[in-house]
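Residues per chain are reported as follows:
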Amino acid sequence: MAAHEVDTEGPAETGGRITITEIARQAGVSVPTVSRVVNGRSDVSPKTRARVEELLRRYGYRKRPTASGTGAALLDLVFNDLDSPWAVEIIRGVEEVAHAAGVGTVVSAIHGRSGDAREWMRNLRARASDGVILVTSDLEPVLHEELRILGVPLVVVDPAGSPALDAPTIGAANWSGGMAATEHLLSLGHRRIGLIAGPPRLLCSRARFDGYRAALEGAGLTVDDTLVVPGDFRPESGFAGCNALLDLPAPPTAIFAASDQMALGAVEALRRRGLRVPEDMSLVGFDDLPEVRWSAPPLTTVRQPLADMGKLAVRTVLRLARDEQPDSPRVELGTELVVRASTAPAAR
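The structure displayed is predicted, hence computed values, not measured ones.

Got a minute to help me understand the sheet that holds strand E8 (residues 193-197) in this structure?
Strand pairs in the sheet, formed through backbone hydrogen bonds, run parallel or antiparallel to each other. Reading across the sheet, the 6 strands line up as E9-E8-E10-E11-E12-E14 and stay open at both edges, with mixed pairing between neighbours. Across the chains shown, the open sheet's two edge strands, defined by having one partner strand only, are strand E9 (228-230) and strand E14 (336-338). This sheet shows a mean twist of 20° between the axes of neighbouring strands, independent of strand direction. Where E8 meets E9, 3 bridges bridge the pair, whose relative direction is parallel. Bridge pairing in E9 links Ile196 to Val229. Against the sheet, helix H10 (residues 260-272) touches E8, strand E10 (254-257), strand E11 (282-287) and strand E12 (300-303), its axis set at about 155° to E11.

Before we go on, may I ask you to explain the sheet that holds strand E4 (residues 104-109) in this structure?
Taken in spatial order, the 6 strands line up as E4-E3-E5-E6-E7-E13 in an open sheet, and their pairing is parallel. On the outer flanks of this sheet lie E4 and strand E13 (330-333), each paired with one strand and no other. Averaged over neighbouring strand pairs, the angle between their axes works out to 20° when direction is ignored. Here strand E5 (residues 131-135) pairs with strand E6 (residues 154-157) via 3 bridges, running parallel. Bridge assignment links Ile133 to a residue of E6, and that residue is Val155. Sheet strands in contact with helix H4 (residues 85-100) are strand E3 (74-79), E4, E5 and E6, and its direction is about 170° off that of E3. The strands touched by helix H11 (residues 306-321) are E3, E5, E6, strand E7 (169-172) and E13; relative to E6, the strand with the most contacts, the crossing angle is about 165°.

Sorry if this is basic, but what is going on with the packing of aromatic side chains here?
The relation between two aromatic rings is expressed through the spacing of the ring centres and the mutual angle of the planes. Scanning all chains against the criterion turns up 1 aromatic pair. Consider the rings of Phe209 and Tyr212, whose centres lie 6.1 Å apart with planes at 35°: the pair is tilted. Of this pair, Phe209 and Tyr212 both sit in helix H8 (residues 203-218), 3 residues apart, roughly one helical turn.

Any chance you could explain the pattern of salt bridges here in plain terms?
Close approach of charged atoms allows side chains of opposite charge to pair. Inspection of every chain in the model, using the stated rule, returns 21 salt bridges. Put simply, Arg92 and Glu89 hold a salt bridge, and the shortest N to O gap is 2.7 Å. One end of the pair is Arg92 and the other is Glu89, both in helix H4 and 3 residues apart, which spans about a single turn. Of the residues examined, Arg92 reaches a relative accessible area of 46% and is grouped as partly exposed. Put simply, Glu119 and Arg122 hold a salt bridge, and the shortest N to O gap is 2.6 Å. Placement of the pair is Glu119 and Arg122 together in helix H5 (residues 114-127), with a separation of 3 residues, close to one helical turn. Take Glu119: its relative accessible area is 36%, and that puts it in the partly exposed class.

Parameters and conventions
- Residues numbered from 1 in each chain as written.
- Predicted model: local features only at pLDDT ≥ 70, side-chain atom pairs only at ≥ 80, totals over all residues.
- Heavy atoms only, no water.
- Pairing = 2+ DSSP bridges.
- Helix = DSSP H or I, 4+ residues; strand = E, 2+ residues; numbered from the N terminus.
- Axes fitted to C-alpha atoms, helices over the stretch in contact; angles between N-to-C directions.
- Contact = heavy atoms within 4.5 Å.
- Phe/Tyr/Trp six-rings, centres within 6.5 Å; stacked < 30°, edge-to-face > 60°.
- Salt bridge = Lys/Arg side-chain N within 4 Å of Asp/Glu carboxyl O.
- Buried < 20%, exposed > 50% of the residue type's maximum accessible area, 1.4 Å probe, protein only.

This is the structure:
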């Protein structure tokens, strides 16, 4: 029997079998709320509990025993990919708060593929999660609708764009971070500042580019399109982007890479050409991943509070699971410029 199905031995008009999803619909609550009532959890209001229990009695529900005899609280944490230290930092924050709250976490990657996303949705229905944290908002519309019907509390972290789901979002101040990175290079006397940008479809990439442009305009400069090259946040694109900038007739004297991993790829491109950081090229990244403190030289970067974003996502989704509303549906945590040894004054 599927995890959302319940045995019924009630009146014939019940049809013999009903899903928890249907009980949740009739009660006007989420599926996890019904699961919490079934499992005797205390975090349900008396009024809601009474309404759900009345429906469970009407359909003659008898709880099936589980291996542990208890119903464990569970959250789903879903990424597009897990091949980045960036994802690990978010997981670290999620796990810290979830563990302290006695909540288990299931981590999944859907790789931007329809089949993987559908498989995750099937598993979500089977395990009756208490909430979902999406670190991707690129789900098919039909999956958006399934999540809405299930009524599972949902939070979106670092949304790719305007989320199609009516869900709280948690992000970082990407615009001010991009501006701070560029203003730092301008303060060092750099005027030709290259940008290795992130994917333009992502909201965070566009915000970092807009911050870069705002800083240049504030200094009386305009964006030189030849100094902006595309990237995908991975080291390989940083390597390729840096080489493209170095091949220009008038290369930049400084580069802002819109992710730390692209900055590390740029460092390797410079090394292979016999160029030094920061003597020949100043370089700024974005994220402040742990490894950039130990790069050669240590990387100047914009600290994005990735673990804090994960922590806040758990606190928010647990509030939603208790039928409480978050303080704000849209939260942006602050970013901070961290100056290390990869930037220096422009050569005169």
